[in-house]
Amino acid sequence: MPQVALGPEIPETGYVLDEIADGVFWLSEGMYQMMFVVTDEGVIAVDAPPTLGHNILRAIRSVTSRSITQVVYSHHHSDHIGAMSVYPEDVPRYAHRITAERLTRLRDPHRPLPTHVFDDSLTIDAGDHSLRLDYKGPNHAEGNIFIHAPTQGVLMLVDVIFPGWVPFSNLAISASIPGFVDAHEQALEYPFDKLVGGHVTRPGTPDDVRTQIEYLKDLRSTTEAALSSVDVPKILAPVDATNVWAVFKAYLDAVAARAADELVPRWNERLGGADLFTLPNAWAMAEALRLEYGSLGPFGIAP
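Rules used throughout
- Residues numbered from 1 in each chain as written.
- Predicted model: local features only at pLDDT ≥ 70, side-chain atom pairs only at ≥ 80, totals over all residues.
- Heavy atoms only, no water.
- Core = buried A, V, L, I, M, F, W, Y, C linked by side-chain atoms within 4.5 Å.
- Buried < 20%, exposed > 50% of the residue type's maximum accessible area, 1.4 Å probe, protein only.
- Helix = DSSP H or I, 4+ residues; strand = E, 2+ residues; numbered from the N terminus.
- Contact = heavy atoms within 4.5 Å.
- Phe/Tyr/Trp six-rings, centres within 6.5 Å; stacked < 30°, edge-to-face > 60°.
- Lys NZ or Arg CZ within 6 Å of the ring centre and 35° of its normal.
- Right-handed = clockwise from strand over helix to strand, strands pointing away.
- Pairing = 2+ DSSP bridges.
- Axes fitted to C-alpha atoms, helices over the stretch in contact; angles between N-to-C directions.
- Patch = residues over 30% accessible without salt bridge, like charges linked within 9 Å, V, L, I, M, F, W, Y side chains within 5 Å.
- Areas by Shrake-Rupley, 256 points an atom, 1.4 Å probe, with all protein chains shown as cover.
- Salt bridge = Lys/Arg side-chain N within 4 Å of Asp/Glu carboxyl O.
- Lys, Arg positive; Asp, Glu negative; His and termini not counted.
- Charge placed at Lys NZ, Arg CZ, Asp CG, Glu CD.

Draft legend 1. Quick peek at the nonpolar core. Counting 39 residues, the largest nonpolar core has L171 and L219 as the members making the most contacts within it. Those elements that place two or more of their residues in this core are helix 4 (169-173), helix 5 (177-188), helix 6 (206-229), helix 8 (244-267) and helix 9 (274-291). Apart from residues lying up to four places away in sequence, L171 is in contact with I177, F180, L216, L219, N281, A284 and M285. A21, M35, Y135 and V154 belong to the second-largest nonpolar core, a separate cluster that totals 26 residues.

Here it is as structure tokens:
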């Protein structure tokens with residue numbers, strides 16, 4: 001495992017807590033992570049992964065006697081906000097409008113509906129702290145927002161940057177691959193020293209964002225080359241030509257395998273999980289190149 005992928009050891013409490021900036025606390029059980037902000041007026045909690053659950057409240061109580069006064073939803077996925085029910089029912093809950101719409105449809109009692117929604121930007125001012133919530137379009141999910149503490153230099157962006165690791169399988173199963181890719185440069189537009197990414201073992205830095213940009217550029221260029229360089233007749237020779245799905249699967253699998261064979265040796269000692277998720281990441285990139293970026297390989301405009 002690359003050293004850059006390793007985080008702090010998880011103590012017997014089941015979670016690790018670190019004050020990464022003045023009043024801003026990073027909380028993790030070793031795989032999921034969130035943050036909360038202790039202000040003069042109370043505590044702003046951002047997300048609530050079920051794997052942390054009631055440990056969130058224990059962690060908050062370990063550093064302050066102040067009450068939770070605001071709650072922020074990064075996006076609607078239950079693995080990050082599936083324990084929002086542990087927070088007081090009567091506090092303001094902030095989310096993007098799309099997140100609120102998804103939660104209204106899902107009707108999950110552990111993900112109570114937001115009380116305050118916004119479309120583009122919203123600032124929460126609380127005593128000596130503020131959080132800027134921005135929506136720049138779909139990336140990992142529709143409604144997934146940038147959460148910035150400008151004075152403390154902390155940025156939270158969930159399921160986009162994976163400090164020390166390659167992105168989760170299939171490019172984080174993102175709603176928009178171009179939006180996911182663009183979110184990296186958008187993140188660097190914010191002044192920050194620490195990043196809360198929602199996963200995996202430690203907080204991140206701007207250098208982690210730059211490293212993942214490098215990985216994605218390498219992934220794109222290598223996969224794009226493979227779209228046209230694989231031997232299509234050889235790949236399809238054993239395939240039943242009447243089974244159209246088998247034809248596409250054989251081709252896309254071969255493209256992803258060609259790209260991964262080149263990429264894994266370059267990244268296996270730089271980022272955790274390169275040997276595990278580069279293949280499905282190349283598969284997702286191949287489809288994004290064909291469907292979003294217009295690089296169609298042998299399935300381009302017929303002569």
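Draft legend 2. Region of the structure containing the environment of T222. Topologically, T222 is positioned in helix 6. For T222 and L263, which are 41 residues apart along the polypeptide, the C-alpha to C-alpha distance reads 7.6 Å. In contact with T222, other than residues within four places in its own chain, are A259, E262, L263 and R266.

Draft legend 3. Layout of the packing of aromatic side chains. The final tally for this structure, using the stated rule, is four aromatic pairs. Ring geometry for F146 and Y190: centres 5.6 Å apart, planes at 20 degrees, overall stacked. In this pair, F146 sits in strand 10 (residues 146-149) while Y190 sits in the loop between helix 5 and strand 12 (194-196), placing the two residues 44 residues apart along the sequence. What makes Y190 buried here is its relative accessible area of 10%. Taking the centre distance of 5.3 Å and the plane angle of 85 degrees together, the rings of Y215 and W267 count as edge-to-face. Within this pair, whereas Y215 is found in helix 6, its partner W267 is found in helix 8, the two being separated by 52 residues in sequence. In this structure, Y215 and W267 share a single accessibility class: buried. Sitting over the ring of F146, K136 keeps its end group 5.7 Å from the ring centre. One residue, R220, lies across the ring of Y293, its end atom 4.0 Å from the ring centre.

Draft legend 4. Examining the pairing of strand 5 (residues 68-72) more closely. In terms of residue burial, strand 5 counts as a mostly covered element, since four of its five residues are buried. Since strand 4 (residues 43-46) and strand 5 lie parallel, the crossover through helix 1 (residues 55-63) that links them has a hand, and here it is right-handed. Alignment of strand 5 against strand 6 (residues 93-96), held across two bridges, turns out to be parallel. Residue pairing in the sheet places V71 in a bridge with R93 of strand 6.

Draft legend 5. Expanded view of helix 3 (residues 97-106). Taken residue by residue, helix 3 has I98, T99, A100, R102 and L103 as its buried positions. Along its buried surface, helix 3 packs onto helix 2 (78-81), strand 6 and strand 7 (116-118).

Draft legend 6. Structural context of helix 1. Burial in helix 1 covers these residues: N55, I56, L57, A59 and I60. Buried residues along helix 1 sit in contact with strand 1 (16-21), strand 2 (24-28), strand 3 (33-38), strand 4 and strand 5.

Draft legend 7. Highlighting the sheet that holds strand 8 (residues 121-126). Within the open sheet, the five strands sit side by side as 8-9-10-11-12. Their pairing is mixed. Two strands in the sheet have a free side with no partner beyond their single neighbour: strand 8 and strand 12. Ignoring which end each strand starts from, the neighbouring axes of this sheet average 20 degrees apart. By the bridge criterion, three bridges tie strand 11 (residues 154-156) to strand 12 in an arrangement that is parallel. Residue L155 lies in a different strand from strand 12, and its bridge partner there is L195.

Draft legend 8. Summary view of a negative patch on the surface. A cluster of acidic residues, D18, E19, D22, D40, E41, D125 and D128, forms a negative patch at the surface. Looking at where D125 falls in the secondary structure, it is placed in strand 8.

Draft legend 9. Representation of the pattern of salt bridges within the structure. This model, assessed by the stated rule, comprises 10 salt bridges. When the shortest N-O distance is used, the salt bridge between D119 and R97 registers 2.7 Å. With a gap of 22 residues between them, D119 in the loop between strand 7 and strand 8 and R97 in helix 3 connect regions that are remote in the sequence. Since its relative accessible area comes to 38%, D119 is described here as partly exposed. Between D218 and R266 there is a salt bridge whose closest N-O contact spans 2.9 Å. Residue D218 is located in helix 6, and its partner R266 is located in helix 8; the two are separated by 48 residues in the primary sequence. With relative accessibility at 16%, the residue D218 sits in the buried group.

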